[in-house]
Amino acid sequence: MPNDSITITFPDGSTSDYERGATGYDVAASIAEGLAREALAAEVNGEVRDLHRPLEDDATVNFLKWDDREGKSTFWHSSAHLMAEAIQAIYPEAEFGIGPPIEQGFYYDVDFQGRTVTPDDLAEIEDKMQELAKRDVPYERRAVTKDEALAYYSEEDDNPYKRELIEELDEEITFYEQGDFTDLCRGPHIPSTGPIKYAKLLNTAGAYWRGDENRNQLTRIYGITFPKKKLLDAFIERREMAKKRDHRRLGRELKLFTFDDKVGAGLPMWLPKGTRLRETLSDFLQQEQMKRGYEPVVTPHVGRLELYETSGHYPYYQESQFPPMIEDEETGEGYLLKPMNCPHHVQIYANERHSYRDLPVRLAEFGTVYRSEQSGELGGLTRVRGFTQDDAHVFCTPEQVKDEFKDVIDLALKVLGALDFDEFTAQISVRDSGDTSKYTGDAERWDRAEQAIREAADEMDLDAEEEPGEAAFYGPKLDFMVKDALGRDWQLGTVQLDYNLPERFDLEYVGADDDRHRPVMIHRAPFGSLERFIGVLIEHCGGEFPVWLAPEQVRILPVGADFLGYAEDVAPRLREADLRAKVDDSDDTVGYKIREAETQKIPFMLVVGEREEDAGTVAVRRHGEGEQSVVPVADFIEQVQSEIGAKLERS
RNA sequence: GCUGACGUAGCUCAACUGGUAGAGCAGCGCUCUUGUAAAGCGCAGGUUGUCCGUUCGAGUCGGACCGUCAGCUCCA
């Protein structure tokens, strides 16, 4: 092969030769004009690069377009630069921090030197961005030395934030320039500003420089951009849809729960319908747990301060707890509203001596705990100050850890399946291998534990990502994460290994060798907190709960007062079959009754009138489908029961 | 806790630059007695989140507090 030519391999395996130094754009153009026009960046040997960077060697090349994840994020990264240029044009005194792409758009952290940015300002910046984009100027990459870079950010553009970033860089330093704006940036970027046709700046927020609350707070501006109007419209529509699924709104509309200023922030009150939902959910889990050898316990909502001093919770998490009730100022003795159930469960374990033959001991309680979350953290049901954990603690031998983990994973999968949560991620949190000093317990035990979790996940066919450094100080854990309507991730179920508490409380069991041994403790909660779980569940199903969970499953709608009697006869038959049914005895029209039941998202509406009464049938209308079929009451009951059974048996 | 926005009837929202609050839905009453997503008429509903201040006069301006929302930080 001649020295001045290189071989490019494409994703489909085909190859082509090009002149050394040809750019990604040249290659794309040689394939198709449309590709060259739509390509936003090139993936060269797996690394995303500017389309216009020359290719110096043989390589595998894949072109990234809007539809590619990386293509989008390159587009948004370039958009962040464009926004910065617009901001600089309007506020020359602004200093820029960092401006990365995110899952949905991008942001830039800006120091406006004390100026407050209003929504009107955002509109102005937005307009400026679209104006600047129209110039269709290229994003140009330029490598600079550290000294040059530092000089630029002290002489041409005095910016301490960028200087700080540069000081810490070891790799090659590059600047990107478009129009009048130069930014320290690793890249890559799209070829030019032209494709950024539609820009929407979403909101502003304070963000600490480098995420450190002791440092300056910058103004973070969130935005999103699109190459086509249709995409922008779809984005806006999706946001509207998400708003309709917001659990706070549905909680009110479906009369599930409420918050009240007079009661306090973050303290949800469950209305009758929400309570029925909660109880159905906890009954379901309790039955599952019964089958798996869990034993129910009940413990009080407060405990002596000393208990939490021993467990370590009181000293470590003081700032997020309600203040203790001190009874004796001199000794400092008093009580604490419980922030965790585990110390109580530990004392139940310690209540009697345990043989290795007893283990595992699995103590379960729907325990309500109280935490004084920072005020800015509260939000709907997903972050509250009083919540109920579907908590259980498993005390077992180190050898049993893996099987116990497997059983909990199985339980969690069953729960997620019964609720149609098909999209969730599992995360295994392990030690930070670089800094082991902050973890309790010896390294060998940790290794074994982490390995046990990995194997358990693997053997259960659970696709889990590993997160180094995310483990708690007392042990590794496995969490289940689910997204809410706005795409935010929430941790729901959790399984955590704990070496710390058995140690602190000096727990033991007698082994086959007649010696005393330390049990391992597993904290696990498949729902996590009932409040958060239900919040996410509401958004997940948009308030249309699976039939088995619906607080009201059936509503009977007599077409007129004459048929109220028949409706009242049908209702008890349904209730005897364990269906939650209600008769609409209002004097509204049928149309109105249906509308009412539809809005309340009741799965089944049974319209009854003369025809039904005479034949002993009901006219079934399913929520959202409007379809109807007339069947005998017994058939309807059977139909619903088998639907419920099918869902709950799915594992 | 921090930054910003916001708080008017149960809900959704209106009230121009300061001139003592208005609508729809829900609720209640009466009429209608109903066949698959809103029957008609009427009535009632508010210390404009709370407190303090500026003003002849505050829903509207200022301050503090409470709460809500979006982020940041935190999350046993």
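Residues numbered from 1 in each chain as written. Chains lettered and ligands numbered in written order. Predicted model: local features only at pLDDT ≥ 70, side-chain atom pairs only at ≥ 80, totals over all residues. Heavy atoms only, no water.

Regarding the pattern of salt bridges
Here is step 1 of the chain: Taken as a whole, this structure holds 44 salt bridges when the rule is applied.
Here is step 2 of the chain: In this structure, the salt-bridge partner of Glu164 is Arg210, at a minimum N-O distance of 3.2 Å. With a gap of 46 residues between them, Glu164 in helix 6 (residues 160-167) and Arg210 in the loop between strand 12 (198-208) and strand 13 (217-226) connect regions that are remote in the sequence.
Here is step 3 of the chain: Here Glu288 and Arg292 are joined by a salt bridge, their closest N and O atoms 3.5 Å apart.
Here is step 4 of the chain: For Glu288, a relative accessible area of 6% corresponds to the buried category.
Here is step 5 of the chain: Overall, Arg292 belongs to the buried group, its relative accessible area being 15%.
Here is step 6 of the chain: Through salt bridges with shared partners, a single ionic network connects Glu288, Lys291, Arg292, Asp407, Asp410 and Lys414. (Salt bridge = Lys/Arg side-chain N within 4 Å of Asp/Glu carboxyl O. Helix = DSSP H or I, 4+ residues; strand = E, 2+ residues; numbered from the N terminus. Buried < 20%, exposed > 50% of the residue type's maximum accessible area, 1.4 Å probe, protein only.)

Things to note about the protein's contact with RNA strand B
Here is step 1 of the chain: Residues in close proximity to RNA strand B total 54 residues, the closest being Gln217, Ser320, Met340, Ser375 and Glu377.
Here is step 2 of the chain: Among the atoms of RNA strand B lying within 4 Å of the protein, the sugar-phosphate backbone contributes 49%.
Here is step 3 of the chain: In this structure, Asn203 approaches RNA strand B through a side-chain N or O atom, which is 3.0 Å from a sugar or linking oxygen.
Here is step 4 of the chain: A distance of 2.9 Å separates a phosphate oxygen of RNA strand B from a polar atom in the side chain of Tyr592.
Here is step 5 of the chain: Those elements that place two or more of their residues in the surface near RNA strand B are strand 12, strand 13, helix 8 (247-253), helix 18 (590-599), helix 19 (610-615) and strand 32 (617-622).
Here is step 6 of the chain: Split by residue class, the surface near RNA strand B holds 17 nonpolar, 21 polar and 16 charged. (Near = heavy atom within 4 Å. Polar contact = N/O pair within 3.5 Å; in protein donor to acceptor, adjacent residues only side chain to side chain. Nonpolar A, V, L, I, M, F, W, Y, C, P; charged D, E, K, R; others polar.)

Overview of the pairing of strand 20 (residues 361-370)
Here is step 1 of the chain: With 9 of its 10 residues buried, strand 20 lies for the most part within the structure.
Here is step 2 of the chain: Across 2 bridges, strand 16 (residues 295-296) lies against strand 20 in parallel orientation. Bridged to Glu295 within strand 20 is Leu363.
Here is step 3 of the chain: Pairing of strand 20 with strand 21 (residues 386-396) involves 10 bridges; the strand directions are antiparallel. Directly across from Arg362, in strand 21, lies its bridge partner Val394. (Pairing = 2+ DSSP bridges.)

Observations concerning the pairing of strand 2 (residues 15-19)
Within a regular strand, the side chains alternate between the two sheet faces.
Here is step 1 of the chain: The sheet contact formed by strand 1 (residues 5-9) and strand 2 spans 5 bridges and is antiparallel. In the sheet register, Thr7 faces strand 2, and the bridge partner there is Asp17.
Here is step 2 of the chain: Taken together, strand 1 and the strand that follows it, strand 2, pair antiparallel across an intervening segment of 5 residues, in which Gly13 is found at a positive phi of about 95°.

Points about the environment of Ala392
Here is step 1 of the chain: Looking at the element boundaries, Ala392 is found in strand 21.
Here is step 2 of the chain: The exposure class of Ala392 is buried, given its relative accessible area of 0%.
Here is step 3 of the chain: Spatially, the C-alpha atom of Ala392 lies 8.1 Å from that of Tyr294, the residues being 98 residues apart in sequence.

Examining the packing of aromatic side chains
Here is step 1 of the chain: All chains considered together, the criterion is met by 24 aromatic pairs.
Here is step 2 of the chain: Between Phe473 and Tyr474 the ring centres are 5.2 Å apart and the planes differ by 85°, which places this aromatic pair in the edge-to-face class.
Here is step 3 of the chain: Tyr474 sits in the buried class, given a relative accessible area of 15%.
Here is step 4 of the chain: Aromatic rings pair up to connect Trp66, Phe75, Trp76, Phe226 and Phe235 into one cluster.
Here is step 5 of the chain: Arg220 extends its terminal NZ or CZ atom over the ring of Tyr107, reaching a point 3.7 Å from the ring centre. (Phe/Tyr/Trp six-rings, centres within 6.5 Å; stacked < 30°, edge-to-face > 60°. Lys NZ or Arg CZ within 6 Å of the ring centre and 35° of its normal.)

Here we look at the sheet that holds strand 1
Strands pair in a sheet through their backbones, by hydrogen bonds, and they do so in one of two ways: parallel or antiparallel.
Here is step 1 of the chain: The 5 strands are arranged 2-1-5-3-4 in an open sheet whose pairing can be described as mixed. In the strand order of this sheet, the two ends are held by strand 2 and strand 4 (47-49), each with one partner. In this sheet, neighbouring strand axes are inclined to one another by 35° on average, regardless of whether the strands run parallel or antiparallel. (Axes fitted to C-alpha atoms, helices over the stretch in contact; angles between N-to-C directions.)

Here we look at the sheet that holds strand 11 (residues 181-184)
Here is step 1 of the chain: The antiparallel open sheet is built from 3 strands, whose spatial order is 9-10-11. The open sheet terminates on both sides in strands that have one partner only, identified here as strand 9 (140-144) and strand 11. Put simply, the sheet's adjacent strands are angled 25° from each other on average, direction ignored.
Here is step 2 of the chain: Pairing between strand 9 and strand 10 (residues 173-178): 5 bridges, direction antiparallel. Along strand 10, the bridge assignment pairs Arg142 with Phe175.
Here is step 3 of the chain: Contacts between helix 3 (residues 69-90) and the sheet are confined to strand 10 and strand 11, with strand 11 contributing the most and set at about 125° to the helix. (Contact = heavy atoms within 4.5 Å.)

Focus on unusual backbone geometry
Here is step 1 of the chain: Residue Pro188 follows Gly187 across a cis peptide bond; omega there is -5°.
Here is step 2 of the chain: Tracing the sequence through the fold places Pro188 in the loop between strand 11 and strand 12.
Here is step 3 of the chain: Cis rather than trans, the peptide bond between Leu359 and Pro360 has omega equal to -5°.
Here is step 4 of the chain: Here Pro360 shows up in the loop between helix 12 (342-350) and strand 20.
Here is step 5 of the chain: Of note, the phi angle at Asn45 is positive, near 50°, even though the residue is not glycine.
Here is step 6 of the chain: Along the polypeptide, Asn45 turns up in the loop between strand 3 (41-44) and strand 4.
Here is step 7 of the chain: Despite not being glycine, Asp514 has its phi angle at roughly 70°, a positive value.

Structural notes on a negative patch on the surface
Here is step 1 of the chain: On the surface, Asp562, Glu568, Asp569, Asp585, Glu610, Glu613 and Asp614 cluster together into a negatively charged patch.
Here is step 2 of the chain: For the negative patch, the secondary-structure elements that each account for two or more residues are helix 17 (564-576) and helix 19.
Here is step 3 of the chain: For the negative patch, the element with the highest residue contribution is helix 19, accounting for 3 residues. (Patch = residues over 30% accessible without salt bridge, like charges linked within 9 Å, V, L, I, M, F, W, Y side chains within 5 Å. Areas by Shrake-Rupley, 256 points an atom, 1.4 Å probe, with all protein chains shown as cover. Lys, Arg positive; Asp, Glu negative; His and termini not counted. Charge placed at Lys NZ, Arg CZ, Asp CG, Glu CD.)

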